[in-house]
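Spelled out from the first residue to the last, the chains are:
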Amino acid sequence: MFSVAAVGVIVITSIYVVPNASFFFHGNQIEFADFASNALQITNAKHFAEIHGNHSRWGFYHPGPALWYLYATGEYLFHDWLGVSSPHAAHVLIGIVFQVTCAVVVVLYVARKTSGIVVPIAIALLFVHWNSMLGAPNSIWPPHVLYGPFLLLITFGAGVASGDVKLLPIVIFAGGMLVHGHVAQPLFVIPLGCLALSSVIRGGEYKNAHLAISALILAVFVLPIIVDALRGSERNIVTIFHHIKIHAGNHHTLPQGIGYFLSFFLYENKQEIVQGSATFSLTSYLWAHPTLWLVIVLIIACALTPLTSASRFVKWYSAFVTIAVILSVVWSTIQDGEMYGFNGNFIYAVVYLLYLFPWLLAATATSPIKYSYMLAGTLVAVAALWNMRQGYMLSWKGLSGLFIPKPTFTIVVASDQFDSQLKAMTQGAAGVYITFKPERQFEAFAVINQINHLGIPFRVRDGYTFLYGTKVKKHEPEVSMEVCGDSGPILPHPHNLPGSTAPCHITVTSMPTGH
């Protein structure tokens, strides 16, 4: 099974890497906007100095740095050792490998628990599903990367509950990745993880080795959170709880929550219909999109399956998916601010597992019931394809576009001239102070990240302390730069940033002295 999984990961990864070969193997890719600020944390992780997740627009960090250490590992392996074009390209490559690996092992596991006939159906569904949604497998923007771990949590959680106790470490790993990745994930990880663990203890089939390995994995994920909790007034965990407290009343209605959850089955990506109107009507929304009635029937069937004579694994699979649906609606109602699609991007994992559900029933049923489930699965697949046609790949030409691998999701600039000029401007400097207007922060992030790659300490204007650590804040710089000033090297126009302003300049307002 390991060799089959390895071949599957290589083949599917190639499908997304080969069409983007120029990105991965040619040119100088410089991160821009959020990707640049995230790259600073990846660099910290590369030196085992990062304890936080990505910075939230609400002013805190998400709980943990697991993703940064994953991408730092990719940088060591693919850029430093194998020569992939840039650190960012290496981060994206390891991200694709990670997401594909999560999906492939899930598919092979459910096939082992049901029937091998599930594999081609699941892989085909996965490929089209990925091409229709923003995010996995080829985005490393943090809100887009919870898909793979969420698949692992639900599927292997069901496996552990059904008797495969040896898989408990995978469930713990998936839960750790999710909690580190987003502040809301304890809402999902704690109930589903406890359900799997309670089944293990109640069944009495576990071995101490399974618990020991799980405890070790858990300790690794808990360690940075404990380190943060010991930092006194700078504790991120305090900031998170403070935010939760002051925003406790900022809820959405239950109809909005249900509509938000169902919108992922339409691959809207922006959820504009649900969040765009204070008078949102769930009834009108359902009548405007008839395929959603089929989704509701599918959810009900999934919820009732544990009461039937289905196989033990399928019963637990249905239970875990149903709980995930309920918790997703709960999260939809309690999330802060506007109901952006990226807030619930992980819901696409639930969408995929629900679409796969009828085929698992068919694979484990006996004739003639089997053919009824296959018919239901076909009907669901047709409805899914109908919904997917309005998804991420807006440039599709008919249904043929369903099978075109989507491009890499990123925002970068590519200019060897910019890189060399920046090196010349900072040559000999022991530190740099960087100023910029708030509306040009994305350009500034790109410059700051490149200065950090040069190993030069830097400071930034007040209000952007999330870009650096306390040690650097005390440094007195020798070079002062204004990003988007009146003269200096041109910052190239970023790729994949529609509506971006014209390229800007960097003004050096003071130079180092005495060096």
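Residues numbered from 1 in each chain as written. Predicted model: local features only at pLDDT ≥ 70, side-chain atom pairs only at ≥ 80, totals over all residues. Heavy atoms only, no water.

### Description of the pattern of salt bridges
The full count for this structure, using the stated rule, is six salt bridges. Between D164 and R112 there is a salt bridge; the shortest N-O distance is 3.9 Å. With D164 in the loop between α7 (147–161) and α8 (168–181) and R112 in helix α5 (residues 87–113), this residue pair connects regions lying 52 residues apart in the sequence. Under the relative-accessibility criterion, D164 is labelled buried at 11%. With a shortest N-O distance of 3.3 Å, K113 and D164 are connected by a salt bridge. Residue K113 is located in helix α5, and its partner D164 is located in the loop between α7 and α8; the two are separated by 51 residues in the primary sequence. Several salt bridges converge on common partners, so that one network encompasses R112, K113, D164 and K166. (Salt bridge = Lys/Arg side-chain N within 4 Å of Asp/Glu carboxyl O. Helix = DSSP H or I, 4+ residues; strand = E, 2+ residues; numbered from the N terminus. Buried < 20%, exposed > 50% of the residue type's maximum accessible area, 1.4 Å probe, protein only.)

### Brief notes about empty space enclosed by the protein
Per the stated rule, a full pass over the model turns up four cavities of 30 Å³ or more. Considered as a void within the structure, the largest cavity measures approximately 50 Å³ in volume. Elements that contribute at least two residues to the lining of the largest cavity include exactly α3 (34–46) and α5. Ranked by the residues each element gives to the lining of the largest cavity, the list is headed by α3, at four residues. Considered class by class, the residues forming the lining of the largest cavity number five nonpolar, three polar and one charged. (1 Å grid on protein atoms, 1.4 Å probe; cavity = no way out; pocket = protein on both sides within 12 Å on 5 of 7 lines; lining within 4 Å. Points joined across faces, edges and corners; volume = space filled by probe spheres on them. Nonpolar A, V, L, I, M, F, W, Y, C, P; charged D, E, K, R; others polar.)

### Here's the deal with helix α12 (residues 254–263)
Summarising burial for α12: seven of the ten residues are buried, a large majority. By the burial criterion, the buried members of α12 are Q256, G257, G259, Y260, F261, L262 and S263.

### Considerations on a nonpolar patch on the surface
Together, L218, V222, I226 and L230 make up an exposed nonpolar region whose accessible area comes to about 370 Å². By the element assignment, V222 lies in helix α10 (residues 208–229). With relative accessibility at 30%, the residue V222 sits in the partly exposed group. (Patch = residues over 30% accessible without salt bridge, like charges linked within 9 Å, V, L, I, M, F, W, Y side chains within 5 Å. Areas by Shrake-Rupley, 256 points an atom, 1.4 Å probe, with all protein chains shown as cover.)

### A short note on the packing of aromatic side chains
One pass over the full model with this rule turns up 27 aromatic pairs. Relative to Y317, the ring of F313 lies with its centre 6.0 Å away and its plane at 50°, an arrangement referred to as tilted. With F313 and Y317 both in helix α16 (residues 312–334), this residue pair falls four residues apart, about one helical turn. Here F313 falls in the buried class, since its relative accessible area comes to 4%. Connected via pairs of aromatic rings, a cluster forms that spans Y16, F127, W130 and Y147. Just above the ring of Y76 sits the side chain of K46; from NZ or CZ to the centre is 4.9 Å. (Phe/Tyr/Trp six-rings, centres within 6.5 Å; stacked < 30°, edge-to-face > 60°. Lys NZ or Arg CZ within 6 Å of the ring centre and 35° of its normal.)

### Observations concerning the environment of H79
Assignment of secondary structure puts H79 in helix α4 (residues 66–81). Here H79 falls in the partly exposed class, since its relative accessible area comes to 24%. When the C-alpha atoms of H79 and A89 are compared, they prove to be 8.0 Å apart, with ten residues separating the residues in sequence.

### Remarks on the side chain of Q41
Relative to the elements of secondary structure, Q41 occurs in helix α3. Residue Q41 is classed as buried on the basis of its relative accessible area of 6%. Within the local environment of Q41, its side chain forms a polar contact with the backbone oxygen of G53, the two atoms lying 2.8 Å apart. Those residues in contact with Q41 that lie beyond four places of it in its chain are E50, H52, G53, N54, H55, Y61 and W68. (Polar contact = N/O pair within 3.5 Å; in protein donor to acceptor, adjacent residues only side chain to side chain. Contact = heavy atoms within 4.5 Å.)

### Looking at unusual backbone geometry
Omega for the peptide link from A136 to P137 comes to 5°, which places this bond in the cis form. Residue position: P137 is located in the loop between α6 (118–132) and α7. Not every positive phi belongs to a glycine, and F48 is a case in point at roughly 55°. Residue classification places F48 among the exposed residues on the basis of a relative accessible area of 70%.

### Some details on the packing of helix α15 (residues 291–304) against helix α17 (residues 347–364)
One can describe the packing of α15 onto α17 by two numbers: an axis separation of 10 Å at closest approach and a directional angle of 65°. Crossing angle aside, the handedness with which α15 passes α17 is left-handed. Where α15 abuts α17, its residues L298, I299, A301 and C302 lie against L354, Y355, F357 and P358. When its residues are assigned to classes, the contact of α15 with α17 shows eight nonpolar, no polar and no charged. (Axes fitted to C-alpha atoms, helices over the stretch in contact; angles between N-to-C directions. Left-handed = near helix turned anticlockwise from the far one by under 90°.)

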